[in-house]
Amino acid sequence: MTVTPPPEILRAPLVVEFPFTRSLGPVQSAFLTGLRERVVLGVRTESGKVLVPPVEYDPETAAELRELVEVAATGTVTTWAWNPAPRPGQPLATPFAWVLVRLDGAGTALLHALDAPGPESVRTGMRVRIRWAAERSGAITDIACFEPYEDDAPGPSTGTGEGRPAAHDGEFADPVTGITTPARLDYTYSPGRAQTRYLYGLAERRTVGERCPSCAKVYVPPRGACPTCGVATTDRVEVGPRGTVTTYCVVNIKAKNLDIDVPYVYAHIALDGAGLALHGRIGGIPYDQVRMGLRVEPVWTEGARYPDHYRPTGEPDADYDTYKELL
Amino acid sequence: MSAPLRDVAIVAFAQSDHRRRTDDLSEVEMVMPVLHEVLRRTGCETSDIGFTCSGSSDYLAGRAFSFTMALDGVGAWPPISESHVEADGAWALYEAWVKLLTGEADTALVYAYGKSSPGSVRDVLTRQLDPYYLAPLWPDSVALAALQAQALVDAGHTDEAALASIAARRRADASANPHAQLTGARPQGDHVVAPLRTGDCPPIGDGAAAVILAAGDRARELCERPAWIRGMDHRIEAHSLGVRDLTDSPSTRLAAERAGAFARPVDTAELHAPFTSQEVVLTRALGLGDEVRVNPSGGALAANPVMAAGLIRLGEAAAAVHRGDSDRALAHATSGPCLQQNLVAVLEGDPR
Ligand SMILES: [Zn+2]
């Protein structure tokens, strides 16, 4: 077994960004459109409870809910939590309280932020009102936050009996029918033991796989384990640089941000000594002359961390029997 | 609740040392030693396992399809009978248990792992929330737990001093747990999101765990004192936080009832309470008295590899039965914000 000291751990920033586009049901559409118009709607359940924020189905009975009512923009804090260090994306950039607020007329509470000078000014039961965002699009963020509000408190509302909120038809001009929620998560990627060694090899323009100590198969690139034996791959084995095209496809659609003319060939290439094929682009030969068994070698460009593409070596084609197990 | 169709037991449990970072290891490299360890404990090889089920979430480390890579560590080729849940491994164990109850397999390997260190787990977990009303506000996991904690304080069920004493007890208990990440006395620290302080929150870290299940005589062959699963059930709260009574956990109570937990007292309970305040909710919901040993492992306050911490509760409870430290144990796992979804299992050892 080749024993070498573990190389320095590699790290790279990794950003996962995705805008989720979601359609809305009739109740959610009315609620979010209402926020845009500075109107807060709830939905009444069969038992008479008013849910704010409203949902399409009764959480207790699963019955379809459609009876919209308008509730107030003022309410009472039912619980809170002081956030001394706001995080990216949260409603306020300065310290604030997370609050669950039961709006007057509602029987349930809505989560949002409360803009308050400090934790000593927040308590359960305090009265608050909505601060509307200046620009509203039909989203929960149309509520910028809550703010403290001094009034003659109407007392905790149950949303069932007196002060019964007025019915609302949920009709607005130009209703919102969907939302797009952008999300971004930042990571620091570390590839782990096997792939770190592989990447260090590539930096020296060497392709180094790892052999399974049990079945002797050489994995390139190595992933750290042999999926047949379920054991760690250990022995490092340099493979290639030459290899054989085991199969390929012709790409006819230009990929975004990729400066390669179509059509081109993308192939599975079994490097000499490797137990499975890796994939790469084939260049230096017309696309319609690429064939199974074609012998190829990597082409490196200045400063690159991996081969730009593979080109024919000029050797005779490999015999099918030499690579049929690697298809 | 009717008796299970077949006797199924947890016959082995293994876990990694839980660490703040594992930059030197990929996920499969982290998981594999745990898989080998749990197999070694039973003398089984991969080929002896009838069904494999895992729990994990690609969002934690931001690696798409990492669970398929982790399968390499099982020896999944040629294809084995296998499944995955994008949830805590406790739910993978549930699936495996059902599989064994049907008689389609006699043994199962269940594993789970979480690598939280590459990302910011507080923010990552916001992506599991309601996408219309919650996710756009990015309410992080500590913030939501803190809202629940304040509700408990308001209701008079706890206070900051009581929470601090839970934190201290769990980390003291964890001193006897060689795999724990956070052990011994440590300061409660500042408010992360008040009323929760650093000490009330779980450590962030990476880790993995695995158990082996076996049915009937096979369980007796593989383990001297199998931890028989007498019942298991999982239930969920209403979706919206504002609809729930955050001071209670009716779903835990219902799952426990359906699992048969209240038929006779348990001597040990492993509760998946990442926050001190959630232990208050759970002990109240389950009616656990002082005579019950709660989280002798230190629980999630000592090591909280997300997606594995629930499975570890089942594993720790089973290991207590294997060792003879427990005759009847309750294990609980949770998922989602403020104890959204809860699983309860009852484990028993044969009479001694
Ligand atoms: Zn192998």
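Note that the structure is a prediction, hence the values are computed from the model and not measured.

About the cut-offs
- Sequence order as written defines residue numbering, which begins from 1 separately in each chain.
- Each chain is given a letter, starting from A, and each ligand a number, starting from 1, according to the order in which they appear as written.
- Per-residue local features of the predicted model are confined to residues with pLDDT of at least 70, and side-chain atom pairs are confined, for both listing and counting, to 80 or more; whole-chain, interface and lining totals are unaffected and use all residues.
- To get the side-chain values, all heavy atoms of the structure are used, and hydrogens and water are removed first.
- Each domain span listed reflects an automatic or database assignment of domains.
- By definition, the buried area sums, over both parts, the 1.4 Å-probe accessible area that each loses when the two are put together.
- Each reported salt bridge corresponds to a side-chain nitrogen of Lys or Arg within 4 Å of a carboxyl oxygen of Asp or Glu.
- Here a polar contact is recorded for every N or O atom pair within 3.5 Å, except that within protein the pair must consist of a potential hydrogen donor and a potential acceptor, and residues adjacent in sequence are included only if both atoms are side-chain atoms.
- Here a helix means four or more residues in a row that DSSP labels H or I, a strand means two or more in a row labelled E, and each is numbered from the N terminus.
- All residues other than Ala, Val, Leu, Ile, Met, Phe, Trp, Tyr, Cys, Pro, Asp, Glu, Lys and Arg, Gly among them, are scored as polar; the first ten of these are nonpolar and the last four charged.
- A contact between two residues is defined here by any heavy atoms of the two lying within 4.5 Å.
- Buried, partly exposed and exposed residues are distinguished by accessible area as a fraction of the type maximum, computed with a 1.4 Å probe on protein chains only: under 20%, between the cut-offs, and over 50%, respectively.
- Patch membership needs two things, relative accessible area over 30% and no salt bridge, and members are linked within 9 Å if like-charged or within 5 Å if nonpolar (Val, Leu, Ile, Met, Phe, Trp, Tyr).
- Surface accessibility in these figures is a Shrake-Rupley result with a 1.4 Å probe; residues are shielded only by whichever protein chains are displayed.

Trainee: Can you help me understand the domain arrangement of chain B in this one?
Mentor: Where interface size is quoted, it is often the accessible area lost as the parts come together. Residues and elements named next belong to chain B. When its domains are assigned, chain B resolves into domain 1 (8-117 + 204-222) and domain 2 (143-201 + 226-348). Here the C-alpha centre of domain 2 lies 22 Å away from the C-alpha centre of domain 1. For the pair domain 1 and domain 2, the two sides together bury roughly 2800 Å², of which 69% comes from carbon and sulfur. For the interface between domain 1 and domain 2, the tally reads 0 salt bridges. For the pair domain 1 and domain 2, the number of links is 12 residue pairs in polar contact (both at pLDDT 80 or more). Secondary-structure elements contributing two or more residues to the side of domain 1 that touches domain 2 are β1 (8-15), α4 (89-101), β4 (107-115), β7 (206-215) and α8 (216-222). Taken together, the residues that form the side of domain 1 that touches domain 2 break down as 24 nonpolar, 12 polar and 6 charged.

Trainee: Where do I start with the interface of chain B and chain A in this structure?
Mentor: If you look at the interface, chain B gives 51 residues, while chain A gives 64 residues. In total, chain B and chain A occlude about 4700 Å² of area from one another, counting both sides; carbon and sulfur atoms represent 60% of this. When residues of chain B are sorted by the area they lose upon contact with chain A, Tyr132, Tyr133 and Leu137 of chain B head the list and together hold 18% of the total. Our count for the contact surface shared by chain B and chain A stands at 4 salt bridges. The interface formed by chain B and chain A holds 22 residue pairs in polar contact (both at pLDDT 80 or more) in total.

Trainee: What is the right way to look at the pattern of salt bridges in this model?
Mentor: Once the charged atoms of two side chains with opposite charge are near each other, the side chains can pair. Residues and elements named next belong to chain B. Using the criterion set out here, one finds 49 salt bridges over all chains in the structure. With a closest N to O distance of 3.9 Å, Arg230 and Asp7 form a salt bridge. In this pair, Arg230 sits in strand β8 (residues 227-236) while Asp7 sits in the segment before β1, placing the two residues 223 residues apart along the sequence. Given the relative accessible area of 30%, Arg230 is considered partly exposed. A salt bridge links Glu27 to Arg63, with the shortest nitrogen-to-oxygen separation between them at 4.0 Å.

Trainee: Just checking my understanding: could you explain a nonpolar patch on the surface for this structure?
Mentor: Residue and element names in this part refer to chain A. On the surface, Tyr248, Val250, Tyr287, Met292, Tyr320 and Leu327 cluster together into a nonpolar patch covering about 540 Å² of accessible area. Mapped onto the secondary structure, Tyr248 falls in strand β16 (residues 243-251). Residue Tyr248 is classed as partly exposed on the basis of its relative accessible area of 33%.

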